[in-house]
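Architecture at a glance
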Amino acid sequence: MPKQMSTARRTSIAGLPAVTALALALSGCATYDVTAPADARADAPAADVKAKDARLAAAGDAKNADGKNADGKSGSGDDVDCRTAKCVALTFDAGPSENTSRLLDILKKEKVHATFFMLGQNHVDKRPAEVKRIDAEGHEPANHTWSHQILTDIEPNEATRELSRVQDAVRKITGKTPKLMRPPQGRTDGEVSEISKRLGLAQVLWSVTAKDYRTNDSALITKRVLDQTERDGIILLHDIYKGTVPAVPGILKELKKRGYTVVTVSQLLSPAKPEPGMVYRP
């Protein structure tokens, strides 16, 4: 029995794209929880809010001791507070690939952290060094299934295996188990949500897509991202396509110019913690 949803969550479900709503109707599984990042932050347990505020205070004191800016907006760690900062989450799907090391160099230079929703087959299993570097440099390793099967189209045991194999592979490489997953094509339902909950995975959709799987034009990719980005958005890009990584410096430069703080998905949700089974969608 799904738990009672807040008004914000019921509204989020009603606002899903038509294709997703149709998929839900056909599956007969329209009862799963959806929430937006701002609503998740607002609904965070008091203990998590208190802990977040304490970390912010400690980070501010440390910065003041160093004579640096303590506005809580410029950092790339736990000093980011998306309750007050104009945040947007940057995510990359379907890697790691031969382009990922270059992307990580760019993110390091720009002092930006991102969430990487990684595929297992021919990616995590072939590029453990990149997976290890993603984690070591403060990015967020996340799950995009083993072989990009549509989870709503396969049997529950197969869907479980698609997700659990990536969990095991990433844990073996980094010592950490992903807490986030992105369903291929954004297609989910009540069964997928239950499987995700059992595996300790929250689901993350998006609000910005450059459709970089259809073009290698870096200027067009940049324009599409900037045209769609709003506060609390989640940007979807792919580090497997050759036009995407060259677009990232320009995207980051303009986002910073517009006052955005670029964060991971978990930073965007904080002080809330990703809730297994929940679907997060701006």
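So, here's what we can say about the structure. (Residues numbered from 1 in each chain as written. Predicted model: local features only at pLDDT ≥ 70, side-chain atom pairs only at ≥ 80, totals over all residues. Heavy atoms only, no water.)

It is worth spelling out the pairing of strand 3 (residues 115–118) at this point. Every second residue of strand 3 is oriented toward a common face, with T115 and F117 on one face and F116 and M118 on the other, all of them buried. As judged from the three bridges shared by strand 2 (residues 87–93) and strand 3, these two strands associate in the parallel manner. Considered in strand 3, the bridge of D93 is made with F117. Regarding the hand of the β-α-β motif, the stretch spanning strand 2, helix 5 (residues 100–110) and strand 3 is right-handed. (Buried < 20%, exposed > 50% of the residue type's maximum accessible area, 1.4 Å probe, protein only. Helix = DSSP H or I, 4+ residues; strand = E, 2+ residues; numbered from the N terminus. Pairing = 2+ DSSP bridges. Right-handed = clockwise from strand over helix to strand, strands pointing away.)

In this structure, T209 sits in strand 7 (residues 208–209). A polar side-chain atom of T209 sits 3.1 Å from the main-chain amide nitrogen of K211. With residues near it in sequence (within four places) discarded, T209 still touches R224, Q228 and L236. (Polar contact = N/O pair within 3.5 Å; in protein donor to acceptor, adjacent residues only side chain to side chain. Contact = heavy atoms within 4.5 Å.)

Turning next to the environment of E130. Position of E130 among the secondary structure elements: in helix 7 (residues 128–136). E130 sits in the buried class, given a relative accessible area of 12%. In the structure, E130 is positioned 26 residues away from L104 in sequence and 8.9 Å away in space, judged by C-alpha atoms. For E130, the contacting residues outside a window of four places in its chain are P96, S97, T100, S101 and L104. Here the side chain of E130 touches R127 through a polar contact of 3.0 Å, side chain to side chain.

On to helix 8 (residues 156–174), then. The first and last C-alpha atoms of helix 8 sit 27 Å apart over 19 residues, in line with the 27 Å expected at 1.5 Å per residue. Check the buried side of helix 8 and you find it contacts strand 3, helix 6 (120–124), helix 7, strand 4 (140–143), strand 5 (180–181) and helix 9 (190–199). One or two steps after helix 8, the chain reaches G175, where phi turns positive at roughly 80°. (Expected span 1.5 Å × (residues − 1).)

A side chain of one charge can pair with a side chain of the opposite charge when the charged atoms of the two come close. Overall, the coordinates contain 15 salt bridges when judged by the stated rule. Note that D81 is salt-bridged to R83, the shortest N-O span being 2.9 Å. Since its relative accessible area comes to 30%, R83 is described here as partly exposed. The shortest N-O distance in the salt bridge between D105 and R133 comes to 2.6 Å. Of this pair, D105 sits in helix 5 while R133 sits in helix 7, and the two are 28 residues apart along the sequence. Within this structure, D53, D81 and R83 form a network of salt bridges that share partners. (Salt bridge = Lys/Arg side-chain N within 4 Å of Asp/Glu carboxyl O.)

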